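Take a look at the letters that make up each chain.
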Amino acid sequence: MRYSSTKILTDLKEKMVFIGGPRQVGKTTLSLELIGASSKESPAYFNWDDKSDKKKIRNSELSFEEPLIILDEVHKFKKWRGLVKGLFDKRYPKNNFIVTGSARLDYYRFGGDSLQGRYHYHRLHPFSLSELSKTPSKTDLQMLLKFGGFPEPLFKSNERHLRRWQREYFERVIDDDLRDLENVKDIGSIAILADELPNRVGSILSIRNLKEDLEVAHQTVESWVQILERLYLCFRISPFGAKRIRAVKKEKKLYLWDWSQVPDDGSRFENFIASQLLKYCHFLEDTEGYRMELQFIRDIDKREIDFVVIKDKKPLFAVEAKTKEKGLAPSISYFAERTDIPHFYQIHLGSRDQEFPDSRARILPFAKFCQLLEMP
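Residues numbered from 1 in each chain as written. Predicted model: local features only at pLDDT ≥ 70, side-chain atom pairs only at ≥ 80, totals over all residues. Heavy atoms only, no water.

So, on to the pairing of strand 10 (residues 314–321). Most of strand 10 sits inside the fold, with six of its eight residues counted as buried. The loop that links strand 9 (residues 304–311) with its antiparallel partner strand 10 comprises two residues; one of these, Asp312, has a positive phi angle of about 50°. Bridge count for strand 10 against strand 11 (residues 344–348) is four bridges, and the pairing is parallel. Residue pairing in the sheet places Glu320 in a bridge with Gln346 of strand 11. For the crossover from strand 10 across helix 14 (residues 330–338) to strand 11, the handedness is right-handed. (Buried < 20%, exposed > 50% of the residue type's maximum accessible area, 1.4 Å probe, protein only. Helix = DSSP H or I, 4+ residues; strand = E, 2+ residues; numbered from the N terminus. Pairing = 2+ DSSP bridges. Right-handed = clockwise from strand over helix to strand, strands pointing away.)

See the structure below:
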């Protein structure tokens, strides 16, 4: 079972559950596990992409003897909200529903949501170190860094398979999801942009530089990046501001959902940490209702800390990612004096574990950091 299984089962006692996230992250597998089914042949599973299932969904000819019914990719139906609303209002609590989908489900639920108050939404993330193993080894961490957190390439752990999976995944997102979700003409240029993003991970994403490279308007590039975010190819984080630091305000840093695509080792580790922290934030939002944000700290003099996690507009902790065991980063001591961030962590791939009380800081291995924070 995945990290959110228990929480989802609890939520299903009172409302429907929508499960969103990147394609091939394991949404259908998780849903089948939740109903105790071993395959898609279950009478409780209906997929809009299947011709016979589509007809049954539209005509409400479902297996209502099943207490929990899965509706997969149903959001591809133009009037899916009204259909699902009618099913829930008529059949609940005798029947309840799990609705799964990729980027489009997350996108469409913001457009005039007639289902408000009838569902809980959960975002499923790739595997993290804590989810992969309760007592992770160095091998577990190396596997995650190399093969990413998507189930198929991770558990195959084969470089040839990874390369083919990455190429095929990219093609499906661009050729299928992009055409379905967005009304865009220049799909080729968006594909070029997406192909360039792995080289920009961990850096300030300059829309100005991208617009010059692609020879299009600033707003066009910005809209294209937003599209790729909605397609779960990438995400950006904003700068953290505080009164006593001269923080940058508009720049954003870029990361990928599939960190295995990042060629540079240091940038890949930073992307890996960003993904684990985003999963932590989304889990607390989806299950506990907190307002979570993942940001970074950077001032106009280019002092920087990679991440700061914010809960209900108050900073919880900051994180600096280093692949090697190094001394405490000077930026941590600097920002500790000028912010009210209660904890600073410098995490790495080695074994050093040392506290610095004057800076409210600790250098520690990433695995210990996960255990300390109870990362999902």
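Back to the write-up after that little detour.
Within the largest apolar cluster, 104 residues are counted, with the highest numbers of intra-cluster contacts made by Leu71, Ile273, Leu277 and Phe369. Ranked by residue count, the leading element in this core is helix 13 (residues 265–288), at 10 residues. Setting aside residues no more than four positions away along its own chain, Leu71 makes contact with Phe46, Ile57, Leu62, Val84, Leu87, Phe97, Ile98, Val99 and Thr100. (Core = buried A, V, L, I, M, F, W, Y, C linked by side-chain atoms within 4.5 Å. Contact = heavy atoms within 4.5 Å.)

Consider a sheet: its strands pair through backbone hydrogen bonds, and that pairing is either parallel or antiparallel. Pairing is parallel across the open sheet formed by five strands, whose spatial order is 2-3-4-1-5. Every interior strand has two partners, whereas the edge strands, strand 2 (45–47) and strand 5 (119–123), have only one. On average, each strand axis in the sheet is inclined to that of its neighbour by 20°, with strand direction left out of account. Across three bridges, strand 2 lies against strand 3 (residues 68–72) in parallel orientation. Bridge pairing in strand 3 places Asn47 opposite Asp72. Across the sheet, helix 3 (residues 51–58) touches strand 2 and strand 3, and the angle it forms with strand 2 is around 105°. (Axes fitted to C-alpha atoms, helices over the stretch in contact; angles between N-to-C directions.)

Put simply, Tyr92 and Pro93 share a cis peptide bond, and its omega is 10°. Residue placement: Pro93 occurs in the loop between helix 4 (80–91) and strand 4 (96–100). Positioned with a positive phi, Arg360 is a non-glycine residue whose angle comes to about 55°. Along the chain, Arg360 falls in the loop between strand 12 (354–356) and strand 13 (361–365). A relative accessible area of 31% places Arg360 in the partly exposed class. Even without being glycine, Glu374 reaches a positive phi, approximately 55°. For Glu374, the location among the structural elements is in the segment after helix 15 (366–373).

Let us now look at the sheet that holds strand 11. Ordered in space as 7-6-8-9-10-11-13-12, the eight strands form an open sheet in which the pairing is mixed. In this open sheet, the two strands that pair with only one neighbour each are strand 7 (253–256) and strand 12. Averaged over all pairs of adjacent strands, the angle between strand axes in this sheet comes to 30°, irrespective of strand direction. Bridge analysis of strand 6 (residues 234–239) against strand 7 gives four bridges, and the strand direction is antiparallel. By the bridge assignment for strand 7, Cys234 is matched with Leu256.

Consecutive side chains along a regular strand alternate between the two faces of the sheet. Most of strand 8 (residues 292–298) is tucked away, with six of its seven residues classed as buried. With two bridges connecting them, strand 6 and strand 8 associate as parallel partners. Paired with Ser238 across the two strands is Gln295, which belongs to strand 8. When strand 8 meets strand 9, the two strands line up antiparallel, connected through six bridges. By the bridge assignment for strand 9, Arg298 is matched with Glu304. Joining the antiparallel neighbours strand 8 and strand 9 is a turn of five residues, in which Lys302 adopts a positive phi near 70°.

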